[in-house]
Amino acid sequence: MNFTKFLNMLRIKKSISIDLGTANILIYDKQKRKVVLNEPSVVALDKKTGKVIAVGKDARQMLGKTPDSILAIKPLKEGVIADLDVTRQMLNEFIGKIYGASLFKPEVMICVPLEVSSVERKALFDAVSGAKKVYIIEEGRAAIIGSGIDISKPNGNMVVDIGGGSTDIAILSLNEVIASKSIKIAGNTFDDDIVKYIKNKYSLLIGDRAAERVKKTLGTAIKKDNPETMEVKGLNLLIGSPDSITISENEIYEAIENSLYKIVNATKDVLEKCPPELASDILDNGIVMTGGGSLIHNFTDLLEKETKVKVFLSDNPLDSVVLGGGLAFDNTKLLHTLQMKEN
Ligand SMILES: Nc1ncnc2c1ncn2[C@@H]1O[C@H](COP(=O)(O)OP(=O)(O)OP(=O)(O)O)[C@@H](O)[C@H]1O
Ligand SMILES: [Mg+2]
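Below you will find a few notes about this structure.

What counts and what doesn't
- Residues numbered from 1 in each chain as written.
- Chains lettered and ligands numbered in written order.
- Predicted model: local features only at pLDDT ≥ 70, side-chain atom pairs only at ≥ 80, totals over all residues.
- Heavy atoms only, no water.
- Pairing = 2+ DSSP bridges.
- Helix = DSSP H or I, 4+ residues; strand = E, 2+ residues; numbered from the N terminus.
- Axes fitted to C-alpha atoms, helices over the stretch in contact; angles between N-to-C directions.
- Buried < 20%, exposed > 50% of the residue type's maximum accessible area, 1.4 Å probe, protein only.
- Phe/Tyr/Trp six-rings, centres within 6.5 Å; stacked < 30°, edge-to-face > 60°.
- Contact = heavy atoms within 4.5 Å.
- Expected span 1.5 Å × (residues − 1).
- Bend = angle between axes of the 7 residues up to and from the residue.
- Patch = residues over 30% accessible without salt bridge, like charges linked within 9 Å, V, L, I, M, F, W, Y side chains within 5 Å.
- Areas by Shrake-Rupley, 256 points an atom, 1.4 Å probe, with all protein chains shown as cover.
- Salt bridge = Lys/Arg side-chain N within 4 Å of Asp/Glu carboxyl O.
- Lys, Arg positive; Asp, Glu negative; His and termini not counted.
- Charge placed at Lys NZ, Arg CZ, Asp CG, Glu CD.
- Core = buried A, V, L, I, M, F, W, Y, C linked by side-chain atoms within 4.5 Å.

Quick look at the sheet that holds strand E4 (residues 43-46) now. Spatially, the 3 strands line up as an open sheet ordered E5-E4-E6, and their pairing is antiparallel. Edge strands, defined here as strands with exactly one partner in the open sheet, are strand E5 (52-55) and strand E6 (70-73). Neighbour to neighbour, the strand axes of the sheet diverge by 20 degrees on average, direction disregarded.

In structure tokens:
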């Protein structure tokens, strides 16, 4: 390779956006224009040495099934970093997995929940080693950009992002968050609700992953006339051995109803805080729902009924945040409003 070619290679810009979700971590490569990584936010550690044994899908297999010497954990809880050191190891493991060790120092956009504290932000700036620049963008802003909405105009838009650990609700105009609220009720809460419901009603203890499967299959935000059913397996606490039951959509509705309404009410609270001019924009533009939790059947209908505002489901609920983070690199005005650290 000649010297000029080498220099050109060094000038190659790498920009990646990272959605550090409680449930899933996604990495979007702006130059490749695609999501290059999508894995569960789970790490398996050697208990004695603290060394990472596996990350992502491989580590998730181990959750709740590990021998004494291995610890499988989720380093992000309720949308924030619970264990910085493990999060850093996990991130760098993922980045290494897709780019190898030779990644030219990238500029990185980290998407964070709306209400992360300055201490948590600082921790995040330090979480990616070897980055040239690190930007932090609120998930609400990223989610709405990633849902294909232009927030650079003086026109109000609203997003409800229901993730695994938190629901972020925001009203935006001219690239800025005008009103917002983040609550720790989201997809994982529905799983917990289902575990509790089945335990109380049937004395059957089911695992988190079984609960998530039930939620994805039967989770509904509106009661059905002809509810579907499915079989769930777990541990019968009365006889102390494995057992199974048949459960219906309407029972799952009952299980998650309270949490659904907490999200609905938080959305109403944000709407109430909205300045009148923007409220009229939102009536015209509607509310965009995104995040994996918004995939509960009929959730858009429930929110629409309760808020009396049109509600749309994003085209890509599971990647809207990471896509929006990637698109943010192209919006210079927006970039100036973001917190940034240059290394
Ligand atoms: N089809 C589905 N129906 C219902 N829930 C779903 C569906 N698909 C995914 N989910 C749930 O969505 C949640 C994950 O969503 P998402 O990937 O947006 O979260 P996250 O970004 O990792 O979390 P957070 O934003 O809170 O940090 C999980 O609770 C998952 O069970
Ligand atoms: Mg998210």
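The structure having been displayed, the exposition proceeds.
Even without being a glycine, Leu174 presents a positive backbone phi close to 45 degrees. Inspection of the secondary structure puts Leu174 in the loop between strand E12 (167-173) and strand E13 (176-183). Classification of Leu174 by relative accessible area gives partly exposed; the value is 48%.

Here we come to the packing of aromatic side chains. This structure, assessed with the given rule, holds 2 aromatic pairs. The interplanar angle of 80 degrees and the centroid separation of 6.2 Å between the aromatic rings of Tyr135 and Phe329 together place this pair among those described as edge-to-face. Pair noted here: Tyr135 is in strand E10 (residues 133-138) and Phe329 is in the loop between helix H11 (320-328) and helix H12 (332-337), with a separation of 194 residues, a long-range link. Classification of Tyr135 by relative accessible area gives buried; the value is 7%. Using a relative accessible area of 10% as the deciding quantity, one classes Phe329 as buried. Summarising the aromatic geometry, the rings of Phe190 and Phe299 are spaced 6.4 Å apart at their centres and angled 65 degrees between planes, so their arrangement reads as edge-to-face. Within this pair, whereas Phe190 is found in helix H6 (residues 187-202), its partner Phe299 is found in helix H10 (residues 299-307), the two being separated by 109 residues in sequence. Comparing Phe190 with Phe299, the two get one shared label, buried.

Right, let's talk about the environment of Tyr261 for a bit. Along the chain, Tyr261 falls in helix H8 (residues 249-272). On a C-alpha basis, the gap between Tyr261 and Leu45 in space is 37 Å, while along the polypeptide they are 216 residues apart. Excluding residues that lie within four positions of it along the chain, Tyr261 makes contacts with Tyr253, Leu302, Lys305 and Glu306.

It is worth spelling out H8 at this point. Here H8 is 24 residues long and its end C-alpha atoms lie 32 Å apart, about the 34 Å a rise of 1.5 Å per residue gives. At Ile256, H8 shows its largest bend, some 55 degrees.

This part takes up a positive patch on the surface. On the surface, Lys65, Arg209, Arg213 and Lys233 cluster together to form a positively charged patch. Position of Lys233 among the secondary structure elements: in strand E15 (residues 229-236).

Quick look at the pattern of salt bridges now. Pairs may arise between side chains of opposite charge once their charged atoms sit close together. Scanning the model with the defined rule gives 18 salt bridges in all. Of the charged contacts, one joins Asp330 and Lys30 as a salt bridge, the two residues approaching to 3.2 Å between their closest N and O atoms. Placement of the pair is Asp330 in the loop between H11 and H12 and Lys30 in the loop between strand E2 (24-29) and strand E3 (34-40), with a sequence separation of 300 residues. The class of Lys30 is partly exposed, set by a relative accessible area of 24%. A salt bridge links Lys201 to Glu251, with the nearest nitrogen and oxygen atoms 2.8 Å apart. Here Lys201 is found in helix H6, whereas its partner Glu251 is found in helix H8, with 50 residues between them in sequence.

Nonpolar side chains collect at one region of the surface, where Leu205, Leu235 and Leu237 lie side by side and expose about 230 Å² of accessible area between them. Position of Leu205 relative to the elements: it lies in strand E14 (residues 204-205).

Glancing now at the nonpolar core. Counting 44 residues, the largest nonpolar core has Ile194, Ile198, Ile206, Ile247, Leu260 and Phe299 as the members making the most contacts within it. Per-element tally for this core: the top contributor is H8, with 9 residues. Formed by 30 residues, the second largest nonpolar core is a distinct cluster that contains Ile16, Leu20, Val55 and Val80.

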